[in-house]
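Fold and geometry: a report
Residues per chain, in single letters:
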Amino acid sequence: DAGVTQSPTHLIKTRGQQVTLRCSPKSGHDTVSWYQQALGQGPQFIFQYYEEEERQRGNFPDRFSGHQFPNYSSELNVNALLLGDSALYLCASSLAPGTQSTGELFFGEGSRLTVL
Amino acid sequence: AQSVTQLGSHVSVSEGALVLLRCNYSSSVPPYLFWYVQYPNQGLQLLLKYTSAATLVKGINGFEAEFKKSETSFHLTKPSAHMSDAAEYFCAVRNYGQNFVFGPGTRLSVLP
């Protein structure tokens with residue numbers, strides 16, 4: 001049973017550039033959430049995708065955008081990168097709201113972004 | 001908005017000693033509560049969850065947590081620490097709509 005997979009695992013960008021991170025959810029899951037984890041902090045919710053639509057969004061600027069594909073995989077895009085965007089970006093999958101699920105998140109190992 | 005606090009950013013225990021990691025939440029309705037563990041350079045792994053079925057919840061690797069509504073707490077314990085328990089631990093509360101609010105984390109060190 002494949003878990004949540006993310007790519008790339010590490011990447012380095014410079015200020016002003018754009019980045020795309022990718023995520024494949026755990027088999028059987030249809031909801032994908034993205035979290036940003038700065039060094040020494042807990043994960044912060046960016047947004048959640050279900051049925052190819054953004055369902056919820058945390059307190060992140062419009063520079064952060066996403067997409068979900070028909071196969072439930074997802075992308076996170078960040079434009080106009082700032083130094084403060086350096087973090088571990090975690091993708092988590094879960095079952096859809098309203099299903100018989102307690103809604104726990106299953107996390108990938110993350111994509112570590114360094115902005116220089 | 002819901003929030004989670006974890007008392008103690010760093011906790012050190014000796015191998016074989018009791019582990020106690022504290023978590024308090026703010027919620028106006030009965031919450032779903034979770035503990036996750038993160039090993040270096042890895043994602044988060046679910047340790048245990050509270051979903052109102054029982055106030056004492058047992059998880060993996062010998063960990064357990066007790067939900068106390070009167071204290072709005074969900075502290076994590078393990079009777080005897082092992083070297084392999086050294087990691088970062090996060091308490092989280094699940095909002096309606098399923099996004100999670102995580103605490104700042106507690107780093108557990110286990111001394112030989």
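The structure contained in this document is the topic of the report that follows. Since the model is a prediction, treat every value here as computed from it, not as a measurement.

**A look at the overall build of chain B**
Helix and strand counts for chain B stand at 0 helices and 12 strands. The order of α-helices and β-strands along chain B, N terminus first, is β-β-β-β-β-β-β-β-β-β-β-β. What you see for chain B is a C-alpha radius of gyration of 13 Å, in line with the 13 Å of a compact globule of 112 residues. Dimensions of chain B, computed from the C-alpha atoms along their principal axes, are close to 40 × 30 × 20 Å. Counting across all 112 residues of chain B, residues that qualify as buried make up 47%. Look at the contacts in chain B between residues 6 or more apart in sequence, and 55% of them connect residues 24 or more apart. A total accessible area of about 5,300 Å² is found for chain B, and carbon and sulfur atoms account for 54% of it. Charged side chains in chain B number 8 positive and 6 negative. The centres of these two groups are separated by 7 Å.

**A word on the environment of Val78 of chain A**
Residue and element names in this part refer to chain A. Mapped onto the fold, Val78 is located in strand 8 (residues 74–78). Residue class for Val78 comes out buried when judged on its relative accessible area of 1%. Distance from Val78 to Thr14, taken between C-alpha atoms, is 12 Å for residues 64 residues apart in sequence.

The rules we used
Residues numbered from 1 in each chain as written. Chains lettered and ligands numbered in written order. Predicted model: local features only at pLDDT ≥ 70, side-chain atom pairs only at ≥ 80, totals over all residues. Heavy atoms only, no water. Helix = DSSP H or I, 4+ residues; strand = E, 2+ residues; numbered from the N terminus. Rg over C-alpha atoms; globule rule 2.2 N^0.38 Å. Buried < 20%, exposed > 50% of the residue type's maximum accessible area, 1.4 Å probe, protein only. Contact = heavy atoms within 4.5 Å. Areas by Shrake-Rupley, 256 points an atom, 1.4 Å probe, with all protein chains shown as cover. Lys, Arg positive; Asp, Glu negative; His and termini not counted. Charge placed at Lys NZ, Arg CZ, Asp CG, Glu CD.

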